[in-house]
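# Per-entry structural report
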Amino acid sequence: MTGKIIRRDFLKKAALTGASITLLGRVPADGATPDQNTFTSKGEHFTLAFHAKKGLFSILRNDGSMLLQNGTARFNLGGETRSLTSPSFKHRIRSSRITDQFGTGQMVRIMSEDTDRIIDTEIQIVLYDHPEVITIQTVLANLSQHDLMLSGLEPVCVIQEHGGRLFIPGVTRCITNGALYYDAGRIHTFGTPFEKAVPYGETKGGRMKNSRLSETEETVHSWWNAGFFIGYDREGLVLGYVENNRSLGQLLITRIQPDQVLFTAESVYNPGYMLKPGQKIGSDRFAILMDRNPYKALESYASMAGASGNARTHSIINGWCNWFYTYEHTSEEEIIRNAEFAAGNLKKYGLEYIQVDEGYQRWHGDWEGNERFPHGMKWLADRIKGYWLKAGIWVAPYVVSEPTELFQKN
């Protein structure tokens, strides 16, 4: 009938303009969702579908193909893992337009009320207009009257247990990121063993709750981010935290089919975060990003991380640092010999800096040269400048050793 407003159409349109829809139990047949449990929100490139009864969300490309199937969020409290698939959670969804440092997009907030009155959860998913990127963040709120020890929070978890899948047709390899200088990451070919580089154990105590996603396929570990490779002329996909303000972000990845990947992203809190009654804490924001050019996908991800941290990305520091060869066993003579070589052979290609790293100091907190630097650090800096190079030095201003005068007097 012309001019008649159909109730289900009204509710669906209201949800997409910022209204809140409560999906608690059964939704009436003329409600906002076709199967009575699923809420959808469409962006420029992707459509999000959340199944309120199952506590799972899926992301489809707007050409109709599935990108991510049956994802959820989960967290570890006092050694017990809980997820939004728990029947104790009842869900409400709100969708609205937002603009932030990454651009303009559609934000979907999945607000999950804990009927056990322990912890409420909210997943914030943003479908951006440009570029082809989705960000996901999960926030927890302590409803109880007791302190809760949080060791890890997974803003997105796509695993076998829930029928989860990330679809990357034809994916053969991924590029990982290591924790520090001793592990720069690697290009891993799926179907081959993965060996994790841990010469110093779990860096900074960043131990994930789980270490494997499959009993039959290798599990790849990467810090903060990972890129997926299909071909030089094929689409690239990147998963990664765009910020690391609250936790140590890590990824576990397993390819289970030529076009299907499992993964979980965990924000690890070291040695654990005590969530007080009434307090909230969020994971860092996690991104799923795609581009037709695999290199551009990585560059766009790096640009997002830079924008998130207000990084100055216009200047590149090009230089030599002794740490990566001598570690702390460096000397004045070693520094001068390398400065002389750099001036004669590398300066013309853009090398500017000679940085003296840890090992020169008497103690942490006493930043004068030790017996291997008999002429002192100013003398050494002047020698470096004499080669028309810039002198750099490593310090740790918040580390103070007990034998130092600074420690003894303070």
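Right, let's walk through the structure included here. (Residues numbered from 1 in each chain as written. Predicted model: local features only at pLDDT ≥ 70, side-chain atom pairs only at ≥ 80, totals over all residues. Heavy atoms only, no water.)

### Section: the overall build of the protein chain
Along the backbone of the protein chain there are 6 helices and 26 strands. Per-residue burial for the protein chain yields a buried fraction of 49% across its 410 residues. Pairs at least 24 apart in sequence give 63% of the contacts found in the protein chain among residues at least 6 apart. (Helix = DSSP H or I, 4+ residues; strand = E, 2+ residues; numbered from the N terminus. Buried < 20%, exposed > 50% of the residue type's maximum accessible area, 1.4 Å probe, protein only. Contact = heavy atoms within 4.5 Å.)

### Observations concerning the sheet that holds strand β26 (residues 390-393)
Taken together, 3 strands build an open sheet; the order of strands is β22-β23-β26 and the sheet is parallel. Where the open sheet ends on each side, the last strands, each with one partner, are β22 (319-321) and β26. The average angle at which neighbouring strand axes cross in this sheet is 20°, direction not considered. Of the pairings in the sheet, the one linking strand β23 (residues 353-356) to β26 comprises 4 bridges and is parallel in character. Residue pairing in the sheet places Y353 in a bridge with K390 of β26. Along the sheet, helix α4 (residues 332-345) makes contact with β22 and β23, crossing β23 at roughly 165°. Packing of helix α5 (residues 377-386) onto the sheet brings it into contact with β23 and β26, and relative to β26 it is tilted by some 145°. (Pairing = 2+ DSSP bridges. Axes fitted to C-alpha atoms, helices over the stretch in contact; angles between N-to-C directions.)

### Digging into α5
Looking at α5, one finds that the buried residues are M377, L380, A381 and I384. Taken around the axis of α5, the buried residues stretch over an arc of 100°, which confines them to a single face. Exposed residues on α5 whose side chains face more than 90 degrees from its buried face are K378 and G386. Packed against the buried residues of α5 are α4, β23, β25 (366-369) and β26. (Arc of directions from axis to C-beta.)

### Side note on the pattern of salt bridges
What the rule picks out here adds up to 16 salt bridges. For R82, the salt bridge is made with D114, and the minimal N-O distance between the two is 3.1 Å. Of this pair, R82 sits in strand β6 (residues 80-83) while D114 sits in strand β8 (residues 103-114), and the two are 32 residues apart along the sequence. Comparing R82 with D114 shows no difference in burial state: the two are buried. A salt bridge links K409 to E405; the nearest nitrogen and oxygen atoms lie 2.7 Å apart. Here E405 and K409 lie together in helix α6 (residues 405-409), a separation of 4 residues that amounts to about one turn. Taking relative accessible area as the criterion, K409 reaches 62% and is therefore assigned exposed. A single network of salt bridges, built from pairs that share partners, joins D100, E243 and R285. (Salt bridge = Lys/Arg side-chain N within 4 Å of Asp/Glu carboxyl O.)

### Some words on the nonpolar core
Counting 53 residues, the largest nonpolar core has F57, F228 and F263 as the members making the most contacts within it. Each residue touching F263, except ones within four places of it in the same chain, is listed here: L68, V156, C157, V158, I159, L166, L213, L239, L251, L252, I253 and F286. (Core = buried A, V, L, I, M, F, W, Y, C linked by side-chain atoms within 4.5 Å.)

### So, the packing of aromatic side chains
Tallying each qualifying case throughout the model produces 11 aromatic pairs. On the numbers, 6.3 Å between centres and 50° between planes, the contact of Y269 with Y273 is tilted. The exposure class assigned to Y269 is buried, which follows from its relative accessible area of 5%. Overall, Y273 belongs to the partly exposed group, its relative accessible area being 29%. (Phe/Tyr/Trp six-rings, centres within 6.5 Å; stacked < 30°, edge-to-face > 60°.)

### What to know about a nonpolar patch on the surface
Together, L180, Y181, F324 and Y327 line one region of the surface with nonpolar side chains, adding up to about 390 Å² of accessible area. If you trace the backbone, F324 turns up in helix α3 (residues 323-326). (Patch = residues over 30% accessible without salt bridge, like charges linked within 9 Å, V, L, I, M, F, W, Y side chains within 5 Å. Areas by Shrake-Rupley, 256 points an atom, 1.4 Å probe, with all protein chains shown as cover.)

### Points about unusual backbone geometry
Residue H130 is joined to P131 through a cis peptide bond whose omega torsion reads -5°. Residue position: P131 is located in the loop between β9 (119-128) and β10 (132-142). Despite not being glycine, R117 shows a phi value in the positive range, around 55°. A relative accessible area of 48% means that R117 is categorised as partly exposed.

### Comments concerning the environment of T135
Relative to the assigned elements, T135 resides in strand β10. A residue is classified by how much of its surface remains accessible, and T135, at 3% relative accessible area, is buried. Spatially, the C-alpha atom of T135 lies 9.7 Å from that of F102, the residues being 33 residues apart in sequence. Ignoring any residue separated from it by four or fewer positions in sequence, one finds T135 in contact with F102, Q124, I125, V126, Y128, F286, A287 and M304.

### Quick notes on the environment of G376
Structurally, G376 is set in the loop between β25 and α5. Residues G376 and Y360 lie 16 residues apart in sequence; the distance between their C-alpha atoms is 9.4 Å.

### Observations concerning α4
With 14 residues, α4 should reach 20 Å at 1.5 Å per residue; the first-to-last C-alpha distance of 20 Å fits that figure. Taken together, the buried positions of α4 are E332, E334, I335, I336, N338, A339 and A342. In the core, the buried residues of α4 are packed alongside β22, α3, β23 and α5. (Expected span 1.5 Å × (residues − 1).)

### Looking at the pairing of strand β4 (residues 56-61)
Counting buried positions over the 6 residues of β4 gives 5, a clear majority of the element. Sheet analysis places strand β3 (residues 46-51) next to β4, joined by 6 bridges and oriented antiparallel. For L48, the partnering residue across the bridge sits in β4 and is I59. Taking the residues that link successive antiparallel strands as the turn, the β3-β4 hairpin has 4 residues, and the phi of G55 there is positive, at about 70°. As judged from the 3 bridges shared by β4 and strand β5 (residues 66-77), these two strands associate in the antiparallel manner. The residue of β5 that forms the bridge with L60 is M66. Remark: 4 residues form the turn of the hairpin made by β4 and β5, two consecutive strands paired antiparallel; G64 in that turn has positive phi of roughly 100°.

Shape descriptors only; they carry no functional weight alone.
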